[in-house]
Amino acid sequence: MKKYISFAILTAFMVLLASCQKTIVDNVKQDGYLSFSEFSLGLDESVITKADPAGDNYAVIILDAGGDEILRKSYKEIKNSGNQISLPAGSYTLVARSMDEEVPVAAFERPVYGTSKEFTIEAAKVTSIGELVCTLVQCKVTVSYSEE
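Remember, predicted model here, so these are calculated numbers, not experimental data.

Rules behind the numbers
Residues numbered from 1 in each chain as written. Predicted model: local features only at pLDDT ≥ 70, side-chain atom pairs only at ≥ 80, totals over all residues. Heavy atoms only, no water. Helix = DSSP H or I, 4+ residues; strand = E, 2+ residues; numbered from the N terminus. Buried < 20%, exposed > 50% of the residue type's maximum accessible area, 1.4 Å probe, protein only. Contact = heavy atoms within 4.5 Å. Pairing = 2+ DSSP bridges. Axes fitted to C-alpha atoms, helices over the stretch in contact; angles between N-to-C directions. Salt bridge = Lys/Arg side-chain N within 4 Å of Asp/Glu carboxyl O. Phe/Tyr/Trp six-rings, centres within 6.5 Å; stacked < 30°, edge-to-face > 60°.

Asker: Is there a simple way to think about the overall build of the protein in this case?
Answerer: In terms of helices and strands, the protein carries 2 helices and 9 strands. Listed by position from the N terminus, the elements making up the protein come as α-β-β-β-β-α-β-β-β-β-β. The buried share of the protein, reckoned over its 148 residues, is 26%. At a minimum sequence separation of 6, the contacts of the protein that also span at least 24 residues come to 71%.

Asker: So what exactly am I meant to see when it comes to the sheet that holds strand 6 (residues 90-97) here?
Answerer: The pairing of strands in a sheet happens through backbone hydrogen bonds and is either parallel or antiparallel. Here 6 strands make up an open sheet; going across it, the order is 2-9-7-6-3-4 and the pairing mixed. Single-partner strands in this sheet number two, and they are strand 2 (40-43) and strand 4 (69-74). With strand direction ignored, the average angle separating the axes of adjacent strands in the sheet is 25 degrees.

Asker: I would appreciate a short explanation of the pattern of salt bridges in the present structure.
Answerer: All told, the structure shown has 2 salt bridges when counted by the stated rule. A salt bridge links Glu 69 to Arg 72; its shortest N-O distance comes to 2.8 Å. A relative accessible area of 43% means that Glu 69 is categorised as partly exposed. The exposure class assigned to Arg 72 is partly exposed, which follows from its relative accessible area of 32%. Among the ionic pairs, Glu 122 bridges to Lys 125, the shortest N-O distance being 3.3 Å. Assessed through its relative accessible area of 46%, Lys 125 is described here as partly exposed.

Asker: So what exactly am I meant to see when it comes to the sheet that holds strand 8 (residues 126-128) here?
Answerer: Taken in spatial order, the 3 strands line up as 5-1-8 in an open sheet, and their pairing is mixed. Across the chains shown, the open sheet's two edge strands, defined by having one partner strand only, are strand 5 (84-88) and strand 8. The mean inter-strand angle of the sheet, taken between neighbouring strand axes irrespective of direction, is 35 degrees. Strand direction decides the pairing type here: strand 1 (residues 31-35) and strand 5, joined by 5 bridges, are antiparallel. Considered in strand 5, the bridge of Asp 31 is made with Pro 88.

Asker: What's the story with the packing of aromatic side chains in this structure? I'm lost.
Answerer: Any two aromatic rings considered together are summarised by their centre-to-centre distance and by the angle between their planes. Taken as a whole and judged by the stated rule, the model has 3 aromatic pairs. Centre to centre, the rings of Phe 39 and Tyr 75 are 5.8 Å apart; their planes meet at 70 degrees, and the pair counts as edge-to-face. Placement of Phe 39 in the loop between strand 1 and strand 2 and of Tyr 75 in helix 2 (residues 75-81) is noted, with a sequence separation of 36 residues between them. For the pair formed by Phe 39 and Tyr 75, the shared burial category is buried. Members of the aromatic cluster, connected to one another through ring pairs, are Phe 36, Phe 39 and Tyr 75.

This is how it looks when you write it as structure tokens:
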């Protein structure tokens, strides 16, 4: 009889121990890191405009897979910090544009440069974006023609 009681107690203890370990593993966040150490923004100047270039006044926005905003900082803030941020594992989109607010409708006197890049964060790994090149998203165009 002592054998059966000992066996039952040992079995109950093992089940309890196994369930505790599973709970601990399931509750651990599966985060990864986005590194900004190699991040840079370039400007595609192949389109000739009379508009002033955007300079370093870029907004960097990170959106999750559902399109919700996770992070919004200026390019200067990111370059000055030079570090990385922790994000849950998943798919994201980094948007960089020369305006912090949304792209204005019919505000053509002020050119807007921008780009976006999709990336994936894996658990316990560091993801680097690298260099992005911003292109002209919106600007005023004037067309001249002759009667000939």
